[in-house]
Amino acid sequence: MITDQSFPWDTWRTFAAKHQPNYADAGEVAAVTEALRRRPPLVFAGEVDDLRQQVALAGRGEAFILMGGDCAETFASTTADQIRLKIQTLLQMAVVLTYGASLPIVKVGRIAGQYAKPRSNPTEERDGVELPSYCGDAVNDHEFTPAGREPDPNRLLDVYQYSASTLNLIRAFTKGGYADMRRVHEWNRGFTSNPAYARYEALAQEINRAVKFMEAAGADFEALRVVDLYASHEALLLEYEAAMTRIDSRGGDLYNTSGHFLWIGERTRQPQGAHVELLAGVRNPVGVKVGPNASADDLLQLIDRLNPQGEPGRLSFITRMGAEKITDLLPPLLQAVKDDGREVTWICDPMHGNTIQTASGVKTRDFETIMREVEGFFASHQEVGTAPGGIHFELTGDDVTEVLGGSEHLGENELGKRYETLVDPRLNHQQSLEMAFRVGGLLRAANS
Ligand code: PEP
Ligand code: CO
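Visitor: Describe the overall build of the chain, with residues and values.
Guide: Scanning the chain from terminus to terminus reveals 13 helices and 16 strands. Whereas a compact globule of 448 residues would reach a radius of gyration of roughly 22 Å, the chain reaches 21 Å, a difference of no more than 12%. For the chain, the spread of C-alpha atoms along the principal axes amounts to about 65 × 55 × 45 Å. The burial tally for the chain puts 58% of its 448 residues in the buried class. Restricting to contacts in the chain with at least 6 residues of sequence separation, those with at least 24 account for 76%.

Visitor: Outline the sheet that holds strand β3 (residues 105-110), supporting the account with residue identities and numerical values.
Guide: What the eight strands build is a closed barrel, ordered β2-β3-β6-β9-β10-β11-β12-β15; its pairing is parallel. Across this sheet, the average inter-strand angle for adjacent strands is 25°, counted without regard to direction. The pairing of strand β12 (residues 345-348) with strand β15 (residues 388-394) spans three bridges and is parallel. In the strand pairing of β15, tryptophan 346 is matched with proline 388. Sitting on the sheet, helix α12 (residues 367-384) is in contact with β2 (64-69), β11 (315-319), β12 and β15, with an inclination near 165° to β15.

Visitor: Tell me about the site of ligand 1, residues and numbers included.
Guide: Every residue close to ligand 1 is listed here: Cys71, Arg110, Lys117, Trp263, Gly265, Glu266, Arg267, Lys289, Arg320, His352 and Glu394. Taking arginine 110, its side chain carries an N or O atom lying 2.9 Å from an oxygen atom of ligand 1. Between lysine 289 and ligand 1, the recorded distance is 2.8 Å, taken from a side-chain N or O atom to an oxygen atom. Across the complex, the protein chains shield 98% of the 300 Å² of accessible surface that ligand 1 would expose by itself.

Visitor: So what's going on with the environment of methionine 244? Residues and values would help.
Guide: On the secondary structure map, methionine 244 appears in the loop between α8 (238-243) and β7 (245-248). Looking at methionine 244, the relative accessible area reads 0%, which means it is buried. Expressed as a C-alpha distance, the spacing of methionine 244 and proline 40, which sit 204 residues apart in the sequence, is 8.8 Å. Sequence-distant contacts of methionine 244, that is, excluding residues within four places in its chain, are made with Leu36, Pro40, Pro41, Leu42, Tyr160, Tyr255, Asn256, Thr257 and Ser258.

Visitor: Can you explain the nonpolar core? Please cite residues and give values.
Guide: Formed by 104 residues in total, the largest nonpolar core has its most connected members in Phe317 and Phe393. Considering every element that reaches this core, the biggest residue donor is helix α3 (residues 80-101), with 10 residues. Contacts of phenylalanine 317, omitting those with residues within four sequence positions, involve Val288, Val290, Leu299, Leu302, Ile303, Val337, Val344, Thr345, Trp346 and Ile347.

Visitor: Quick one: what's the story with the coordination of the cobalt ion (ligand 2), residue by residue and with numbers?
Guide: At this site the cobalt ion (ligand 2) is bound by Cys71 (SG), His352 (NE2), Glu394 (OE) and Asp424 (OD), with donor distances of 2.1 to 2.4 Å. Along the chain, the residues donating to the cobalt ion (ligand 2) are arranged with the sequence spacing C-x280-H-x41-E-x29-D. Here the residue cysteine 71 occupies a position in the loop between β2 and α3, and histidine 352 occupies one in the loop between β12 and β13 (356-357), the gap between them amounting to 281 residues. Judged by its relative accessible area of 0%, cysteine 71 is buried.

Visitor: Tell me about α3, and name the residues and values.
Guide: The terminal C-alpha atoms of α3 lie 31 Å apart, and with 22 residues this matches the ideal 32 Å at 1.5 Å per residue to within 8%. Most of α3 is tucked away, with 16 of its 22 residues classed as buried. In the segment just after α3, serine 102 is the residue with positive phi, at about 50°.

Visitor: Please give an account of the packing of α3 against helix α7 (residues 195-216) that cites residues and values.
Guide: Where α3 meets α7, the axes come as close as 11 Å, and the angle between the chain directions of the two elements is 65°. Like other packed secondary-structure pairs, α3 and α7 cross with a definite hand, here left-handed. Mapping the contact onto sequence places Gln92, Val95, Val96 and Tyr99 in α3 and Tyr200, Leu203, Glu206 and Ile207 in α7.

Visitor: How would you explain the pattern of salt bridges if you had to name every residue and give the values?
Guide: Overall, the coordinates contain 34 salt bridges when judged by the stated rule. A salt bridge links arginine 283 to aspartate 253, with the nearest nitrogen and oxygen atoms 3.8 Å apart. Note that arginine 283 is positioned in the loop between α9 (274-280) and β10 (286-290) and aspartate 253 in the loop between β7 and β8 (254-256), a separation of 30 residues in sequence. Residue class for arginine 283 comes out partly exposed when judged on its relative accessible area of 23%. For aspartate 253, a relative accessible area of 35% puts it in the partly exposed group. With its nearest N and O atoms 2.8 Å apart, the salt bridge here joins arginine 305 to glutamate 277. Of this pair, arginine 305 sits in helix α10 (residues 296-306) while glutamate 277 sits in helix α9, placing them 28 residues apart in sequence. Comparing arginine 305 with glutamate 277, the two get one shared label, buried. Here the salt bridges share partners, and the residues they tie into one network are Asp49, Arg52, Asp248, Arg250, Asp253, Arg283 and Glu311.

Visitor: Residue-level account of the packing of aromatic side chains, with values.
Guide: Using the criterion set out here, one finds six aromatic pairs in the structure. Between phenylalanine 75 and tyrosine 162 the ring centres are 4.5 Å apart and the planes differ by 10°, which places this aromatic pair in the stacked class. Of the two residues, phenylalanine 75 is situated in the loop between β2 and α3 and tyrosine 162 in helix α5 (residues 155-175); the sequence distance between them amounts to 87 residues. With relative accessibility at 29%, the residue tyrosine 162 sits in the partly exposed group. Members of the aromatic cluster, connected to one another through ring pairs, are Phe64, Phe377 and Phe378.

Visitor: Requested: an account of the side chain of arginine 110, with residues and values cited.
Guide: Mapped onto the secondary structure, arginine 110 falls in strand β3. A distance of 2.8 Å separates a polar atom in the side chain of arginine 110 from a polar atom in the side chain of histidine 392. Ignoring any residue separated from it by four or fewer positions in sequence, one finds arginine 110 in contact with Gly68, Gly69, Asp70, Cys71, Glu73, Lys117, Ser232, Trp263, His352, His392, Phe393 and Glu394.

Visitor: Please give an account of the pairing of strand β6 (residues 229-234) that cites residues and values.
Guide: Both faces of the sheet carry side chains from a regular strand, because those side chains alternate between them. Taking burial as the measure, the six residues of β6 include six buried ones, the bulk of the element. Where burial is concerned, the two faces of β6 agree: the one with Leu229, Ala231 and His233 and the one with Tyr230, Ser232 and Glu234 are both buried. Looking at chain direction, β3 and β6 are connected through four bridges and run parallel. Residue pairing in the sheet places arginine 110 in a bridge with serine 232 of β6. Pairing of β6 with strand β9 (residues 261-264), which is carried by three bridges, proceeds in the parallel orientation. In the sheet register, serine 232 faces β9, and the bridge partner there is phenylalanine 261.

How each quantity is defined
Residues numbered from 1 in each chain as written. Chains lettered and ligands numbered in written order. Predicted model: local features only at pLDDT ≥ 70, side-chain atom pairs only at ≥ 80, totals over all residues. Heavy atoms only, no water. Helix = DSSP H or I, 4+ residues; strand = E, 2+ residues; numbered from the N terminus. Rg over C-alpha atoms; globule rule 2.2 N^0.38 Å. Buried < 20%, exposed > 50% of the residue type's maximum accessible area, 1.4 Å probe, protein only. Contact = heavy atoms within 4.5 Å. Pairing = 2+ DSSP bridges. Axes fitted to C-alpha atoms, helices over the stretch in contact; angles between N-to-C directions. Near = heavy atom within 4 Å. Polar contact = N/O pair within 3.5 Å; in protein donor to acceptor, adjacent residues only side chain to side chain. Areas by Shrake-Rupley, 256 points an atom, 1.4 Å probe, with all protein chains shown as cover. Core = buried A, V, L, I, M, F, W, Y, C linked by side-chain atoms within 4.5 Å. Donors = N, O, S within 2.8 Å, 3.2 Å for Na, K, Ca; no water. Expected span 1.5 Å × (residues − 1). Left-handed = near helix turned anticlockwise from the far one by under 90°. Salt bridge = Lys/Arg side-chain N within 4 Å of Asp/Glu carboxyl O. Phe/Tyr/Trp six-rings, centres within 6.5 Å; stacked < 30°, edge-to-face > 60°.

Here it is as structure tokens:
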């Protein structure tokens, strides 16, 4: 039980905080956070504890984490259809991975709270006009006008509302029978002339046969009716995250109730920074993004700050090195953390180290390059004798054209057809499925 009581979780205020909005009116911010503190929690301590235990299993190679969703959710795209297609995509990927690897797959959406973005450039210039960059719907508007780009703290109340309605839909889909494993067929869509869909259809038939056989043999399938799908986002906006941090009445522990799993981004992971301090005190499983500039000492300092006792499942490192660098950079980090001995869970983000621009200036990623980083991740763990614990994708259930390649060989001149992301390019539905088949193969090889 989370109590209504707010907690003045304010030690982070004395630490340096990067990438925070420059709000014009501090009184307005205080009124918003006061209102947020009175709102019910979005997730519950017991669910958070369950997830932490599953992340621990993944750290030991006894489960595998699938994280995925938009780079940035937007208020406009928080619709029933878009949420359903995203959930369906994650569930389909999880089925493919479970079947491929015979391992429990821990399903975690980048969803129900992923509304704030750190930006490399604080301002954007168009035709000689310079305005603050778009930092996600939690902060300002994408529209390139002075009023649109002004940070507005009232948007934090909208974030709460959109996150709550998304979680409500997730709970309905995953607990109400929609996610029943006996319906794997119905989740497929599109033309089976697409190789990813055809392969999924064949798999669904195989699963159906296996389920029918087990049912005939008298197995109890109630467990197949519901699934656990957890919510995660980058804990970027300190005022919001602090206001959602509550005391659990069972033992007086603190939980961040804005999502089950929170991560700290590559740009805000300073061991003596405010983001690390904010998450140091909560019981949630937390992640830290680790880019190519991270040293072994940086990681050990982060363990000291975020998981000094080495509690399994508490801390994940989400590596995003780039396909060309991963096999050089990752093994020494894995070795240093292995030598330290405190358990962490390693997750691969093959997206953020592999963003490119086409000659005409479109931000994209290439399917095969993404895949190469995943392969490098598995190879690095094989080399050091550590467990590849999970995978983190930017994806959508929609048929967008943002990432190059995949079985439909999406080319540069097709990117314009349905390029909808406001920030980073995402795998579309069929590319996501194809990725799941390929990762399932790697996982099976790693465990055989
Ligand atoms: C992201 O996950 O969208 C992101 C900004 O990643 P990173 O912090 O790794 O750059
Ligand atoms: Co991104």
